Amino acid sequence: DQQTILVAGGAGYIGSHVVADLVENKYNVVVYDSLYKGHKQSIVGLKNVAFVKGDVRDGDLLDKTFKRFEPVAVMHFCADSLVGESVIDPLKYYDNNVGGAISLLQAMGRNGVDYIVFSSTAAIFGDPEVDIISEDTPKAPKNPYGETKLAIERMLHWASESPSSTLKYVALRYFNAAGAHPTRDIGEDHSPETHLIPNVMKAIQGSGGRLKVFGNDYQTPDGTCVRDYIHVMDLSQAHVKALAWMIHNDLSGQFNLGNGNGFSVMDVIGSAKTVTQREVPYDLAPRRAGDPPTLVANSVKAKSVLGWRPEHDSMDDIIASAWRWHQAHPAGYKD
Ligand code: NAD
Ligand code: UDP
């Protein structure tokens, strides 16, 4: 019998890619999403995928959904995830992110579901002293967004440690998700879009104005910030492997997920120029508040424990896949 996975936030950018991968890997999927940010089109046309429109803070609807579909595990992608907005409206972030996770864990408890994969983030590390970040690098979030994700990780820890608990969890700390599905017509469409790669694509297409490069006086090789961009399909594979590992071994764990290579903002612009054969119109702009100079993952643990390996470690590869999506959908899912 195929196992069923409840994917909360499965109509979002990363969630929709994982849903497609779960189906490939012979799971049944129930996507539970309020569509407050996601796109229903991103999950249509897939066999063995059901959809429930609802908020993760709605315990009654979660109970009905658990009873109807009897999932063995949950993947939890729902969140508000804009750093700047979290500084302005922190309670919104505690409500949706922490409140949503509490509601989901309580519903899992009421319905005897023991396994959850949680979307965490490099933002839990803040501005670390080391450039290559491993699982035990000290956590010191610099904004409410990162703070809520760390609070959820701690909550998962204590909830799984409780003597009466059978809960097991995996927290996956994504670095910078990028790229799009190679064969399905899905990709990144956030509104507002704050991420570098889609903003580079939009600048090339002339739909988002000129790109702003936020600061070129950082302590990095070319002065612009360095990040670890990880292809969304590599992230997706890590979810499939983490799910199987957790259920098979009945264990919990935390894993940093990056491809281990740092690329500066100027590297990304250079690669976009090469891959698209187009100019990237950009202007230098002041630093964006709260941006650490360098964030690169050490993903040795995910490799050794989960047997995961990122397959797309070149920036050109990531940009080419993002470019295909943006060319087909210059206005995102509206096109
Ligand atoms: P996204 O906004 O595209 O997807 C989130 C989905 O959750 C959306 O479909 C939205 O409608 C849904 N949602 C939000 N709140 C909900 C609620 N209360 N009830 C039901 N549905 C709700 O975001 P994404 O870029 O795919 O990110 C997914 C997860 O990964 C988030 O938790 C984010 O914090 C984390 N993350 C993302 C990145 C990145 O680079 N995109 C990096 C690190 C961590
Ligand atoms: N960035 C930029 N212009 C943009 C968007 C981002 O210069 O329009 C920079 C940003 O300052 C950071 C890097 O690109 O140094 C990656 O930013 P993004 O928002 O994609 O991811 P983050 O690392 O903040 O999660």
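Source: prediction; values computed, not measured.

Next up on the list: the site of ligand 2. What surrounds ligand 2 is a group of 15 residues, the closest being L196, K212, R227, R288 and D291. N199 has a polar side-chain atom sitting 3.2 Å from an oxygen atom of ligand 2. Between an oxygen atom of ligand 2 and a main-chain N or O atom of F214, the distance comes to 3.0 Å. Listed by contribution, the elements that provide at least two residues to the shell around ligand 2 are α6 (196-205) and β9 (211-214). Examining the composition of the shell around ligand 2, we find that 4 residues originate from one element, β9, more than from any other. Across the shell around ligand 2, the residue classes break down as 7 nonpolar, 4 polar and 4 charged.

On to helix α7 (residues 232-249). Compared with the 26 Å implied by 1.5 Å per residue over 18 residues, the 26 Å span of α7 between its first and last C-alpha is a close match. Buried residues of α7: V232, M233, D234, L235, S236, A238, H239, V240, A242, L243, W245 and M246, and no others.

Attention shifts here to the domain arrangement of the protein. For the protein, the domain assignment lists domain 1 (4-178 + 230-257) and domain 2 (196-228 + 260-334). Domain 1 and domain 2 are separated by 24 Å when their C-alpha centres are compared. Every contact between the two is made by 27 residues of domain 1 and, on the other side, 24 residues of domain 2. Both faces combined, the contact of domain 1 with domain 2 buries some 2,400 Å², and carbon together with sulfur accounts for 64% of it. Across the contact surface, domain 1 and domain 2 share 0 salt bridges. Put simply, domain 1 and domain 2 have 11 residue pairs in polar contact (both at pLDDT 80 or more) between them.

Once that is clear, we can look at the sheet that holds strand β7 (residues 168-174). Taken in spatial order, the 7 strands of this open sheet run β3-β2-β1-β4-β5-β7-β12, and their pairing is parallel. At either end of the open sheet lies a strand with only one pairing partner, and these are β3 (49-53) and β12 (253-257). Each strand axis lies, on average, 20 degrees off the axis of its neighbour in the sheet, ignoring direction. Pairing of strand β5 (residues 115-121) with β7, which is carried by 7 bridges, proceeds in the parallel orientation. If you follow Y115 over to β7, its bridge partner there is K168. Those strands touched by helix α1 (residues 13-24) are β1 (4-8), β2 (28-33), β3, β4 (73-76) and β7, and its axis lies near 165 degrees from that of β2. Contacts between helix α5 (residues 144-161) and the sheet are confined to β5, β7 and β12, with β5 contributing the most and set at about 155 degrees to the helix.

In the neighbourhood of ligand 1, 30 residues make up the surrounding shell, with I14, D33, N96, Y145 and K149 lying closest. Within the contact set of ligand 1, an oxygen atom lies 3.1 Å away from a backbone nitrogen or oxygen of G12. A distance of 2.9 Å is found between a nitrogen atom of ligand 1 and a backbone nitrogen or oxygen belonging to V56. The fraction of the free accessible surface of ligand 1 (830 Å²) that becomes covered by protein chains is 96%. Sorting the residues of the shell around ligand 1 by element identifies α1, β5 and α5 as the ones contributing at least two each. Among the elements that take part in the shell around ligand 1, β5 stands out by supplying 3 residues, more than any other. Considering only residue class, the shell around ligand 1 consists of 13 nonpolar, 12 polar and 5 charged.

The 4 strands are arranged β6-β15-β10-β13 in an open sheet whose pairing can be described as mixed. The two strands at the open ends of the sheet, each matched to only one other strand, are β6 (132-133) and β13 (263-264).

Within β5, 7 of the 7 residues are buried, which leaves the element mostly enclosed by the surrounding structure. Across the two faces of β5 the burial is the same, with Y115, V117, S119 and T121 and I116, F118 and S120 all buried. The pairing of β4 with β5 spans 4 bridges and is classified as parallel. Each bridged residue has a counterpart across the sheet, and for M75 the counterpart in β5 is V117.

Rules used in this analysis
Residues numbered from 1 in each chain as written. Chains lettered and ligands numbered in written order. Predicted model: local features only at pLDDT ≥ 70, side-chain atom pairs only at ≥ 80, totals over all residues. Heavy atoms only, no water. Near = heavy atom within 4 Å. Polar contact = N/O pair within 3.5 Å; in protein donor to acceptor, adjacent residues only side chain to side chain. Helix = DSSP H or I, 4+ residues; strand = E, 2+ residues; numbered from the N terminus. Nonpolar A, V, L, I, M, F, W, Y, C, P; charged D, E, K, R; others polar. Expected span 1.5 Å × (residues − 1). Buried < 20%, exposed > 50% of the residue type's maximum accessible area, 1.4 Å probe, protein only. Domains from an automatic or database assignment. Contact = heavy atoms within 4.5 Å. Buried area = accessible area lost by both parts, 1.4 Å probe. Salt bridge = Lys/Arg side-chain N within 4 Å of Asp/Glu carboxyl O. Pairing = 2+ DSSP bridges. Axes fitted to C-alpha atoms, helices over the stretch in contact; angles between N-to-C directions. Areas by Shrake-Rupley, 256 points an atom, 1.4 Å probe, with all protein chains shown as cover.

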